[in-house]
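Residues per chain, in single letters:
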Amino acid sequence: MEPGPSPEDTVSAAAVDEALRAFGAQLREATEGEPGDGVGDARPVTEADLIAADFLDQARTAYQNALDRAATADLRRAAERQAVLAELHPGRQALCRFAELRRKETRLWAPIGTLREALAACRLPAADPVAEAALTRAETALARAVEAAAGGAGDRARTVASALDTARTALDEVNRRHTEERTMAALIGALRERLDLARAGLLPAEPEDGVALPERLLDAIRQAEEALHRAAAAATATVPGERLPAVRASIRGGEAGLRTLEAGREKAARQLERDRRERQREQAKLADEAKQLSRKLSRDIASFRRDMALARPSEAQCAADPVLAAGVDRVDAALQVAAAAARGGEPDRKQLVAQALQQGRSALGELAGIRAETTELADAVVGFRRRLAETAPQEDRATDTAEAAAIAAERQDAWLALAAAEAALRTPGGHRARRVCAALGDGRAALVRLSALRRGEPVPLELATPDELARPDWERHPTRSADRFRFRGTGPAEVLVDRPEPGRPALVEFSVRPPTEDLSLLGDRSHLAFVSRTGAATESFEGKKLTGTAQGVFLLPIGITHLKVACDPKAKWTLRLAPTTEAPEVTGRLRGQGPVVLRCTGHGARLLRAQALTKDDNSYIGYVDAAGERRSPRFGGFLGGLAADLVANGIGEARGERWVEGPGLVVVDSIGRWEVETTAEGSVPKAARPKAPTAELHRELRELVRAREPLWELMALRLYQAHTGVGRMHGTPYLRAVINEVYLAAEAEREQARQL
């Protein structure tokens, strides 16, 4: 700002006022242009700005002093007007210095602002570390320029100019790479588009099997693709320096391959058309095969549907049995999988459908098994309910309160077991049959104890080991089945005897299969021991022995409450109780091997001949008549307490014969071959028949048995032989009848004493 003319004495008052107004306007203009007053002014306040601010403050002070002097002076006087102008003169000088400093700062900061705007408008190429580094250098140089401009160094103008030159160079590199990036993208895009068009003219839109281009065209395509890849690699943002020349060179190589490709395209198109027709014929053939396969799969699925319809239970049955409903759901799921696989387009759908149908047929087999199992279990539950209903409370003949309470408790246990069996039958899940059979087994055991209480017999006791007590209820007795007389298991076990005919002997069909046939590894044989365990006492009789995989039939006398299986822990065995009426009948001569029980149905005396042959084992053949069947195992007899007449006994070979009274049972206990023959009394010469016993012999034998003197059995035998002339074998039917008569009388006396 230029200073005004020096005041003269001729200056008027109006001129003074005008000078004050003009200076005030200049001051306001300078104040509005101060650094930081403008909106968006980002430059910092420098040392020069502070000096300029001091000049501006001096100008304000002078202006204020002039205003104050003018306000109090008499402007009509020339001296006063001159004094006012004198007060204003230092302000004009300070304002001139302020304007000069502002012009210098403006010339210094203007290029910095321009560069800042350029940096703000700069577009950085995507993922270009080189451009990012250049931009960083530009920003760093700009920061140095700002720092130099804000300082107070004497050569700051030169420092700012140097920093700005560095920033402009870096910014030019960023702009160059951006422009280069667009140019390379356009070149690469054009080559890729030409390559795609050339490839589309030769190859179908979707790859087809059997379509093959000539090798020359394939080489041209590979050449163009490789050139495209090289161009893309050269255009990578991480490549420093100029990339455009290398990209142009690669593009030229790709264009050369495209020219070769375009030259042979027409010939290749004709070849492709021929290949396409051939492929269409093959596709038609495959489609026909697919239709045939679909028809075959449809027939297989339809056949499975028919089988499923035949085996499918009714909705009422499914609603009544959740287990049956779950089996039907598995069959339906397999059918749905097969149908979905048949509708699909998978190349291996034939195998998928076959696998699903196989699973479905397996599920059908399981469903049939479930239905059969359900029927068997339901019949077992109904049979047990019928047996339980037959034990009416009014038929009990309890003589005291304790016995009546025991009978009621056993009946209550049986009803609870029936309820548990019915609940297990309706509950789906694994081991349903074992749960039902376990509950039925508990109920049957309760009925066995109830029957013993009602008949006044000792009650059989079941003992559980600590290992069995730690198992669930349905695992404690794994030998139980739906058939009350059939048991099966693995390893040692004990079975409570539930006789088919209460109070009578029974047949025990026992078979065992060890884990190996090597007898040296099996150790001892498999045993089936007869056990009598009641509240009174526990007795165990000699076991029936089997070697290796074998089976046999044994006679179970009365009084036996348990059967104990002793075998290898991994040996599998089965056991069945049957009435003696199922024993094979002996008519004439009969041969066989292994333990067996035979039945003689005729009445009257007959001659029984028997023989057995083993390697080095003991063989026993005996006869049990009607009296022997009723005898307790605790009184005399052979083989597990069985009251039987010995016919033949020996190691290796055993032979013998004896007269017997029918009907009765022939007990053969031998692991070897045997032969049994019966001859009616009329077919035997009279000389070989025994004499009829007399009344005197009967009386003497009864007294001898009652006396029970030492060697009484031998004395009775000799007495009998002396009267009848029979000396081959001891224990004839007559002698056993006398012994049994005395024994039964003693038992009756003990029972009468117990009741009293």
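This one's a predicted model, so the numbers in the text were calculated from it and none came from an experiment.

A. Focus on the overall build of the protein chain. Regarding its fold elements, the protein chain presents 20 helices and 13 strands. Across the 756 residues that make up the protein chain, the buried fraction comes to 41%. Considering only residue pairs separated by 6 or more positions, the protein chain has 76% of its internal contacts joining residues 24 or more positions apart. Carbon together with sulfur atoms contributes 53% to the accessible area of the protein chain, which is approximately 40,600 Å² in total.

B. Representation of the sheet that holds strand β11 (residues 596-625). The strand order across the open sheet formed by four strands is β10-β13-β11-β12, and the pairing between neighbours is antiparallel. On the outer flanks of this sheet lie β10 (589-593) and β12 (645-669), each paired with one strand and no other. Direction aside, the axes of adjacent strands within the sheet are offset by 20 degrees on average. Bridge count between β10 and strand β13 (residues 673-680): five bridges; the pairing is antiparallel.

C. A look at the environment of S362. One can find S362 in helix α11 (residues 349-390). The exposure class of S362 is partly exposed, given its relative accessible area of 40%. Spatially, the C-alpha atom of S362 lies 9.6 Å from that of A334, the residues being 28 residues apart in sequence.

D. Region of the structure containing the pairing of β13. In the sheet, β11 pairs with β13 via eight bridges, with the strands oriented antiparallel. Its bridge partner lying in β13, L613 is registered against R673.

E. Representation of the pattern of salt bridges within the structure. Tallying each qualifying case throughout the model produces 24 salt bridges. The salt bridge partner of E100 is R103, with a shortest N-O separation of 2.5 Å. In this pair, E100 and R103 are both assigned in helix α3 (residues 78-121), three residues apart and thus about one turn of the helix distant. By relative accessible area, which is 39% here, R103 ends up partly exposed. Put simply, D498 and R387 hold a salt bridge, and the shortest N to O gap is 3.6 Å. In this pair, D498 is assigned in the loop between β2 (493-496) and β3 (506-513) and R387 in helix α11, connecting sequence segments 111 residues apart.

F. Looking closely at the sheet that holds strand β1 (residues 486-490). Taken in spatial order, the four strands of this open sheet run β1-β9-β3-β7, and their pairing is antiparallel. Each having just a single partner strand, β1 and β7 (550-556) make up the two edges of the open sheet. Here the average twist between neighbouring strands, direction ignored, is 15 degrees. With eight bridges joining them, β3 and strand β9 (residues 572-579) adopt antiparallel strand pairing.

G. Structural view of the packing of helix α12 (residues 401-426) against helix α13 (residues 432-455). Relative to each other, α12 and α13 sit at 165 degrees, their axes nearing to 8 Å. Viewed along their axes, α12 and α13 adopt a mutual orientation that is roughly antiparallel. The hand of the α12/α13 crossing is left-handed. Of the residues that constitute the contact of α12 with α13, the class distribution is 15 nonpolar, one polar and nine charged.

Rules behind the numbers
Residues numbered from 1 in each chain as written. Predicted model: local features only at pLDDT ≥ 70, side-chain atom pairs only at ≥ 80, totals over all residues. Heavy atoms only, no water. Helix = DSSP H or I, 4+ residues; strand = E, 2+ residues; numbered from the N terminus. Buried < 20%, exposed > 50% of the residue type's maximum accessible area, 1.4 Å probe, protein only. Contact = heavy atoms within 4.5 Å. Areas by Shrake-Rupley, 256 points an atom, 1.4 Å probe, with all protein chains shown as cover. Pairing = 2+ DSSP bridges. Axes fitted to C-alpha atoms, helices over the stretch in contact; angles between N-to-C directions. Salt bridge = Lys/Arg side-chain N within 4 Å of Asp/Glu carboxyl O. Parallel < 35°, antiparallel > 145°, perpendicular 65-115°, else oblique. Left-handed = near helix turned anticlockwise from the far one by under 90°. Nonpolar A, V, L, I, M, F, W, Y, C, P; charged D, E, K, R; others polar.

So far we have only geometry, and geometry alone does not tell us how the molecule works.
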